[in-house]
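Chains, contacts and geometry: an overview
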Amino acid sequence: MREKQHLLPEVTVGHAGNGCGPEQTFPAPKQPDISHIDMSVDLAGVSLKNPVVVASGTFGFGREYSQFFDLSALGAICCKGLTLHSREGNPSPRIAETPMGILNSVGLQNPGVDAFIADELPFLRQHDVKIIANISGNTPEEYGIMCEKLSASGVDMIEVNISCPNVKAGGLAYGTRPDLAAEVTREAKKHASVPVMVKLSPNVTDITEIARAVADGGADALSLINTLRGMRIDVNTRRPILKMNTGGLSGPAVLPVAVRMVWEVASAVKLPILGMGGVSAGEDAAQLMLAGASAVAVGTALFADPYVPLKVRDRLAQLAAEQGLCAVSQLTGGVRPW
C-alpha cells in the first residue's frame, strides 16, 4: 500500500536550465477543503449518506470487511446474491484472474433468503448503513416470494438480478429478452413494499431495449452493468480454467463498457441508476456519475484493497471541491458529449 504523500509548503527553483529565474518560488498545490461538500444522494427515494455502495457478490454480508472499517462509512451495502433456497454454487475452480480483472463462476452460493433474514440481517442492522438485498430466481414466482419476505424483514431496497436462466423459457436469461425482463419486474413490484432496482446484463445487443422494458414494468431504479461473459483456456491442458467453462468478467477492463452503457441507459429512461463495473478509483466513479449514475458500486477492487470504497468516497468529494461544486450529486449527468 502506498504511503500518503506529504506536500512541501513550497519549492524554490534556481538556475537549472529550466527557463526560471533565480530563487523563483512555486507554492505547493493547495489541498481542497471538502468539509462543505454535501455527499448525500438519493437513489429511488432511498437517501444514502454518500454515493458509494459495495457491489453484490464482492462483500459477502459485511462481516469480514467490518474488521477493516466501520460499515457505517458506506452509502449502502448490496448483499451477496440470495436465492429462495440455499445453494452450494458451482464446482471449483470458479475464479480465474485476468490481466485487468477476474472471471468468476461462483454460481450464487448463498444460505438462502430465510437464513439471511435470521442470521445476517441482524448483524448488518447494527450499522448505520442502507441495506440492499440482491435476489435471483428461476421463476417469476420465486422472485415474488423473496420480495415479500425481504420487504417484511426491513431491508431498504431490493436489487433484482435478471441474469438468471428462466426455467419456463428453456433456460434463457431473463435479462436478454425485454418481455421476460418486464415480467420479472412486474412480479417483483407486485410483492415488494420497498424500492425495486433491476440489475441489467451487458450481454445483450441493445441494453436500452431491456432498460425501457424494465422501466415499463415498474422498476424504481436500475443497476448496471453486471459481468461480461468471458473465458480462459489453459494452453497446456487445453481445458478451460473455469470448471463451468465460462464466467463473468469484472474489474478495470470493463469500466469503459460500463460508462458507455450507463450513458446510453440514462439517455433512454428517466430512472435513477446505480453505476458499476471496474471502479477502483474516484475518477472511475466520477465517470459513471457524469454518464448519468446517481450512485456507484465498488466490487472487484475490494479483493485487492479493502479500503477502496473509502478512498473512492473521499476522492469524489475532492473532485467535487476542485470543480467548485457544493454537492457530489451535481456530478450526475454532467457529461458534455461532442
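A brief look at the structure comes next. (Residues numbered from 1 in each chain as written. Predicted model: local features only at pLDDT ≥ 70, side-chain atom pairs only at ≥ 80, totals over all residues. Heavy atoms only, no water.)

Considering helix α4 (residues 207–216)
Along α4, the positions that sit buried rather than exposed are Ile207, Thr208, Ile210, Ala211, Ala213 and Val214. Contacts from the buried residues of α4 go to α3 (178–191), β13 (196–199), β14 (221–224) and α5 (255–268). Count one or two residues on from α4 and you reach Gly218, which has phi positive near 105°. (Buried < 20%, exposed > 50% of the residue type's maximum accessible area, 1.4 Å probe, protein only. Helix = DSSP H or I, 4+ residues; strand = E, 2+ residues; numbered from the N terminus. Contact = heavy atoms within 4.5 Å.)

Things to note about the environment of Gly81
Tracing the backbone shows Gly81 in the loop between β6 (76–78) and β7 (95–98). Relative accessible area serves as the criterion here: at 6%, Gly81 is assigned to the buried category. For Gly81 and Ser56, which are 25 residues apart along the polypeptide, the C-alpha to C-alpha distance reads 6.2 Å. Beyond its immediate sequence surroundings of up to four residues, Gly81 is in contact with Ser56, Asn110 and Asn134.

Here we look at the sheet that holds β7
Strand order in the open sheet made by the 4 strands is β7-β8-β16-β15, with antiparallel pairing throughout. Among the strands making up the open sheet, the edge pair consists of β7 and β15 (228–230). Between one strand and the next, the sheet's axes are offset by a mean angle of 35°, whatever the strand orientation. Across 4 bridges, the pairing between β7 and strand β8 (residues 101–104) is antiparallel. Residue Ala96 lies in a different strand from β8, and its bridge partner there is Leu103. (Pairing = 2+ DSSP bridges. Axes fitted to C-alpha atoms, helices over the stretch in contact; angles between N-to-C directions.)

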